[in-house]
Amino acid sequence: MDYNDEMRLSDTEINLLLTVIHTVDKTAEVRLFGSRVDDAKQGGDIDIIILSSYPERFTRQALRLIRQHFFDKFGEQKIDLVIDTPEPTDPFTKKVVPHSIKLNHS
């Protein structure tokens, strides 16, 4: 699924997430999945898949900093960050990537 305006995440939120994630890996692909890709649903946490050639860079500390930057700007929210390689190896990631939306800077 390609980027569209039907997701429930603002351009400002997307830009911040991309900027912070790209400080860890500037080539990482960032995708939104779950209830936030369905405009008809309400609420829900922010589910993000990070596809990186360097998944080892996304340490607990790096993930904590990504969340903290988001919380500082938008308030505390539940953000799930899933890390995998560009050719997903995890069965869960393989299942959700086709139904996710690639995030791009606006």
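Heads up: these notes are all about the structure in this document. (Residues numbered from 1 in each chain as written. Predicted model: local features only at pLDDT ≥ 70, side-chain atom pairs only at ≥ 80, totals over all residues. Heavy atoms only, no water.)

What to know about the environment of His69
- In this structure, His69 sits in helix H2 (residues 60-74).
- On the basis of relative accessible area, His69 is assigned to the partly exposed category, the value being 42%.
- In sequence terms His69 and Val20 are 49 residues apart; their C-alpha atoms lie 7.5 Å from each other.
- Setting aside chain neighbours within four positions, we find His69 in contact with Leu16 and Val20. (Helix = DSSP H or I, 4+ residues; strand = E, 2+ residues; numbered from the N terminus. Buried < 20%, exposed > 50% of the residue type's maximum accessible area, 1.4 Å probe, protein only. Contact = heavy atoms within 4.5 Å.)

What about the environment of Leu17?
- Within the secondary structure layout, Leu17 lies in helix H1 (residues 11-24).
- Sequence separation of Leu17 and Val30 is 13 residues, and the distance between their C-alpha atoms is 8.7 Å.
- Setting aside residues up to four positions removed in sequence, Leu17 forms contacts with Leu9, Ile48, Ile66 and Phe70.

Considerations on the packing of H1 against H2
- Taken N-terminus to C-terminus, the directions of H1 and H2 make an angle of 155 degrees; their axes are 10 Å apart at the nearest point. Regarding the angle of H1 to H2, the classification is roughly antiparallel. When the axes of H1 and H2 are compared, the crossing they make is right-handed. From H1, Thr12, Glu13, Leu16, Leu17, Val20, Ile21 and Val24 reach across to H2, where they touch Ala62, Leu65, Ile66, His69, Phe70, Lys73 and Phe74.
- Of the residues belonging to the contact of H1 with H2, the class tally is 10 nonpolar, two polar and two charged. (Axes fitted to C-alpha atoms, helices over the stretch in contact; angles between N-to-C directions. Parallel < 35°, antiparallel > 145°, perpendicular 65-115°, else oblique. Left-handed = near helix turned anticlockwise from the far one by under 90°. Nonpolar A, V, L, I, M, F, W, Y, C, P; charged D, E, K, R; others polar.)

A few points about the environment of Ile79
- By the secondary structure assignment, Ile79 is in strand E3 (residues 79-84).
- Given a relative accessible area of 5%, Ile79 falls into the buried group.
- Expressed as a C-alpha distance, the spacing of Ile79 and Asp47, which sit 32 residues apart in the sequence, is 6.0 Å.

Here's the deal with H1
- If you check H1, its first and last C-alpha atoms are 20 Å apart, about what 14 residues at 1.5 Å a residue would give, namely 20 Å.
- When we look at burial in H1, the residues that qualify are Glu13, Ile14, Leu17, Leu18, Val20, Ile21 and Val24.
- Tucked inside the fold, the buried residues of H1 contact strand E1 (29-33), strand E2 (46-51) and H2. (Expected span 1.5 Å × (residues − 1).)

So, the sheet that holds E1
- Taken together, the four strands give an open sheet; going across it, the order is E3-E2-E1-E4, and neighbouring strands pair in mixed fashion. Each edge of the open sheet carries a strand with a single partner, namely E3 and strand E4 (101-102).
- Of the strand pairs in this sheet, E2 and E3 are connected by six bridges, and their pairing is parallel. Note on E3: the bridge partner recorded for Asp47 is Asp80.
- With respect to the sheet, H2 is in contact with E2 and E3, its orientation differing from that of E3 by roughly 145 degrees. (Pairing = 2+ DSSP bridges.)

Purely spatial values, then, with no claim about function.
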